[in-house]
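# A closer look at the structure
Here is how the chains run, residue by residue.
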Amino acid sequence: MRQQSRESIVILFVVAALALNYPFLEMFDRAWALLGVPLLYFYLYLVWFVVIVLLIVVVEHSEIHEPDRPEPSAPVTDPLPAPEVPARTGDAPPESP
Amino acid sequence: MLGDSVIIAGALAYMGLLFGIAYYGDRRADTGRSIIANPYIYTLSLAIYCTAWTFYGSVGLAAASGVDFLPIYLGPTLMAVLFWFILRRIVRITKVHRITSIADFVASRYGKSGLLAGMVTVIVVLGILPYISIQLKAIATSFSLLRQYPAVAMPAFSAHQPFWADTTFLVALVLIIFAILFGTRHIDTTERHEGMVAAVAFESLFKLVAFILVGIVVTFSLFDGPSDVFRQAAQRPELAALMRFEVVPGGYGGWLSLTFLSMMAFLFLPRQFQVLVVENVNEAHIRKAIWLFPLYLFAINLFVLPIALGGRLIFTGGEVDADMFVLGLPMAAHQPDLALLVFLGGLSAATSMILFETVALSTMVCNDVVMPILLRVNPRWLAGLPDLSGLLLGIRRVGIAVMILLGYLYFRFIGETYALAASGLISFAAAAQFAPPILIGLYWKRACRRGALIGLSSGFLVWGYTLLLPAMARSGWISAGFVEQGPLGWELLKPYALFGLKDMDPYMHSVFWSMLVNVGGLVIGSMLSRPDAIEQVQASQFVNILERERHDGDSLLWRGMVDTAELYDLLARFLGPQRASEAFDHYAQENGDCPLQADPRLIHYTERLLAGAIGAASARVMISSIVMGEVLSIEEVMTILDESTQVIEYSRRLEQKSRELEAASAELREANNRLRELDRLKDEFISTVTHELRTPLTSIRAFSEILLANPDMDVEQRSKFLGIIVKESERLTRLINQVLDMAKIDSGRIEWCIEDLDLRALIQNAINSTSQLFHDQAVTLCEELGDRPVIIAGDHDRLTQVIINLLSNAVKFCPRQTGQVTLRLRALADRWRLEVRDNGPGIAPDQHKLIFEKFHQVNDAHAGKPKGTGLGLPISQKIVEHHNGRIWVESAVGQGATFIVELPMQ
């Protein structure tokens, strides 16, 4: 994931955590209804939905720019996945002059 | 019509379908064509988070306290936002270290500590068991409500029914069979259960569809859309209150702590850890789950509030418990098919939770409690057994059966109590105790075993004291005075108001105190203790997991010698001979051969395989029991690590040096080439100069010799010869002067005398001093110099030299009589432009650049013998360039030539 997407995600987390807590909740704790839905309900579900939409934008956007690298993962079939080739790093001095 | 037989047949058919799916999933996995290896199945399997507690309980909670149920789903949504940072790291570590459970994870991080693994297991079992029984209770309650149809009323709960006639007991038995069949097929080194994951994914989809269908029926068929539900509810004051925040118990603080708890529980409940981490097929699937899973939660919660309020509006007399609104409403709407579907949806939610929770728990109990005890208590008996994989499977199967049966008994004999109802959140709080050792351990290398032990145990004690014991007191098992007045009347120790902190919601209170001691114990304990070698190695491997390519650090820890055959025997006893020989073949393939005397690498490889089967801590004990030779001390390990880091650092520097060297030698090579070129040019220059000097010198000498040999030559002849000698001497002098000028300019030794001067006047002077030349050659000169002084900064003598040079060149190449030279001075935007045009033979385009090179002269048939020294133009160019100007020629053969000088304005 690109640096920019990572930053967007952290910002999104902070903003979502703030929006879903006091004092924002108190601001929307009113005896009104919006489109027939009580304001508090409306606000909570709206924020939730917007967070999901923004997540889609950030995650899928970053996918376009950076296709999935082949991550190390346990092969599904092989009960014994290949171990990393072990080598003591000190054993092989570099060949460069 | 719904009868018992229909319902039971439906439930059994549904379970049969699950068996089919699980079987198919396992078959596909065995043949290598996994059906769960895609992000959608992964996301659906995460929805195991939504248990029967969600399916029925969310509505119950909403009917009693409005939005209070939401933090339980907002927390995981927030956690999903952070998946890429936290979950990916955990998954990577788990894959590399073959970790199979949350107990194993904590133990591995803190130096493969058996004690920590055991402690985590105990916390989990104590915290989760009641949670399993509420799932069974949900099945029982929904069944007994549904069988009343067409009547819609809560039946009196009867504990007197014999258990063999109890449907819940039957369901529990089916679940035991299911979990044993698909959860403990064989001892695997990765501990993954594809069939179960497939079944759970199906169940997640099923419960989502069932819940949304109920929501649609209630909202649009019983009522006239959501706004109708809310409008009707708003007219009743007790329901209107549910639309405000004040009904949420604990207020904003309670809300916050509930959000935190569910964030942590979402990661660290054993079943969540199992599906999120252990069953993860591919890290890339996490990416999709980041937004898809919150979307699932959003969808399944969309109709909770309309159903809750609708239920309160319809069941005004309280004939149906709010927890059963989801089932009661379709029954009230006379839709038995939908009611059956809802029952099966609730069954899905409950069974998937029970399946994975018990499989995860039994693995932990087997690996982290029973095996270590057996290893310690009776190692000789264990050593006598040829094949331990059967024993391991047996322990796990018994574990699953015991766990489900305990859950059943708990529900049946303890039944309707506060402790059971609150067990969901209480187990969330228990799971949250793993957050500090895991999350801090992921990022802080210094966190060590003693800190984790102190933090976890004290967090657990505080959790038990502030949540579990009061819950028991409220259920009447211990004296209620314990909560009211504190133990033995000590006010300060009241479990809901520890040290007088009495204004908090019980959960917030417990979260505060348990996290305080947990994090505090971890940090202080870590700061005060000295981690040993294996702790340091594990810590650095966990923290640097995403940065490091290789993970072989702890192979350094094995220095002893052991026969490969012994390692093989050990592995075969736990995995069975077939898997063990596959593993060793695999190793031999990877590494070329399998040495008779096992090296540290092979020992480590075996340890990791064993860790997959029996947990990291036990694996370490088993290996160290056969590896002869001391375990390295911390100093030795650190020395080895240090040495290798030093070597790495050293080689990195070497590489850098050699890169620098390469760059430098490339530069040197280039400089050398340049020098050689200059050398060649200098040689050429010298040979040209000497050649040019010799020509006049030869003629001077020849004529002087003639004069010397013929003293009586006639006067006319003599003066002609002398004239030639003088002219050639002048030419010689001019040449030498120019060479000197050139050398001075080239070496920068020339002194420039820059001052403000009038370029127009300067040109006029130059014209005057060349007028004789024009006259001699009969060439006309046209000047267009304008009528204003042109002030520039420059060296008077040098610029004069340039102009004289250009003018005399022009005259030289003009035909006699018809020759015409035009001199034009004009202003451009930011510079002065001087043009000297002649009507001579012109210069071919390929010569335009060359004529500014030293000693280059245009030699062609028309021009005949070169007339200049070949230094005039190069010198002019140097001078103009020194004035930040430009000089070039525009010409074509037969069209005359124009030399253009441009000088910047001041």
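Residues numbered from 1 in each chain as written. Chains lettered and ligands numbered in written order. Predicted model: local features only at pLDDT ≥ 70, side-chain atom pairs only at ≥ 80, totals over all residues.

### Some thoughts on the overall build of chain B
- When helices and strands are tallied, chain B shows 36 helices and 9 strands.
- The proportion of buried residues among the 906 residues of chain B is 48%. (Helix = DSSP H or I, 4+ residues; strand = E, 2+ residues; numbered from the N terminus. Buried ≥ 20, exposed ≤ 12 C-beta atoms within 10 Å, placed from the backbone.)

### Some thoughts on the overall build of chain A
- For chain A, the count of helices and strands is 3 helices and 2 strands.
- For chain A, the α and β elements follow one another from N to C terminus as α-α-β-β-α.
- Out of the 97 residues in chain A, the part that is buried amounts to 22%.

### A look at the packing of helix α24 (residues 449-474) of chain B against helix α26 (residues 506-528) of chain B
Residue and element names in this part refer to chain B.
- In contact at an axis separation of 7 Å, α24 and α26 are set at 165° when each is read in the N-to-C sense. By the criterion of interaxial angle, the relationship of α24 to α26 is roughly antiparallel. Where α24 crosses over α26, the handedness of that crossing is right-handed.
- When its residues are assigned to classes, the contact of α24 with α26 shows 12 nonpolar, 12 polar and 1 charged. (Axes fitted to C-alpha atoms, helices over the stretch in contact; angles between N-to-C directions. Parallel < 35°, antiparallel > 145°, perpendicular 65-115°, else oblique. Left-handed = near helix turned anticlockwise from the far one by under 90°. Nonpolar A, V, L, I, M, F, W, Y, C, P; charged D, E, K, R; others polar.)

### Some thoughts on the sheet that holds strand β9 (residues 897-904) of chain B
Residues and elements named next belong to chain B.
- Across the sheet, 5 strands lie side by side as β4-β6-β7-β9-β8; this open sheet has mixed pairing. The sheet is open, and its two edges are formed by β4 (780-784) and β8 (886-891), each paired on a single side. On average, each strand axis in the sheet is tilted by 15° relative to the strand beside it, whichever way the strands run. (Pairing = 2+ DSSP bridges.)

### So, helix α5 (residues 71-81) of chain B
- Burial analysis of α5 of chain B places 11 of its 11 residues in the buried class, the great majority of the element.
- Here α5 of chain B has its buried residues at Pro71, Ile72, Tyr73, Leu74, Gly75, Pro76, Thr77, Leu78, Met79, Ala80 and Val81 of chain B.

### Side note on the nonpolar core
All names here are of chain B.
- Ranked by internal contacts, the top residues of the largest apolar core, which has 248 residues, are Val106, Leu261, Phe268, Val326 and Ala429.
- In terms of residue count, helix α18 (residues 336-377) provides more of this core than any other element does, 23 residues in total.
- Each residue touching Val326, except ones within four places of it in the same chain, is listed here: Phe55, Tyr56, Val59, Val214, Ile307 and Val342. (Core = buried A, V, L, I, M, F, W, Y, C linked by C-beta atoms within 7 Å. Contact = placed C-beta atoms within 7 Å.)

### What about unusual backbone geometry?
- That bond from Tyr22 of chain A to Pro23 of chain A is cis: its omega, 5°, falls within 30 degrees of zero.
- Position of Pro23 of chain A among the secondary structure elements: in the loop between α1 (3-19) and α2 (24-27).
- With phi around 60°, Ala778 of chain B is a residue other than glycine that occupies positive phi space.
- On the basis of neighbour counts, which here come to 13 C-beta atoms within 10 Å, the residue Ala778 of chain B falls in the partly exposed class.

### Some thoughts on the pairing of strand β7 (residues 831-838) of chain B
Residues and elements named next belong to chain B.
- The alternating pattern of β7 places Trp832, Leu834, Val836 and Asp838 on a buried face and Arg831, Arg833, Glu835 and Arg837 on a face that is not buried.
- With 7 bridges connecting them, strand β6 (residues 820-827) and β7 associate as antiparallel partners. Along β7, the bridge assignment pairs Thr822 with Arg837.
- Linking β6 to β7, which pair antiparallel, is a turn of 3 residues.

### What to know about helix α8 (residues 114-146) of chain B
Residue and element names in this part refer to chain B.
- A rise of 1.5 Å per residue sets the reference length of α8, with its 33 residues, at 48 Å; its end C-alpha atoms lie 47 Å apart and thus fit the reference within 8%.
- Along α8, the largest kink reaches about 35° and is centred on Ile128; proline Pro130 follows within four residues of it.
- Among the 33 residues of α8, 27 are classified as buried, and the element is accordingly described as predominantly covered. (Expected span 1.5 Å × (residues − 1). Bend = angle between axes of the 7 residues up to and from the residue.)

### Re the confidence of the model for chain A
Residue and element names in this part refer to chain A.
- When pLDDT is averaged along chain A, the result is 71, and 62% of the positions lie at 70 or above.
- The secondary-structure element of chain A with the lowest mean pLDDT is strand β1 (residues 33-34), recorded at 82, while strand β2 (residues 37-38) shows the highest, at 89.
- In this model residues 66-97 is a low-confidence stretch, pLDDT under 50, and it forms 55 contacts with partners more than four residues away in sequence or in other chains. (pLDDT = per-residue confidence, 0-100.)

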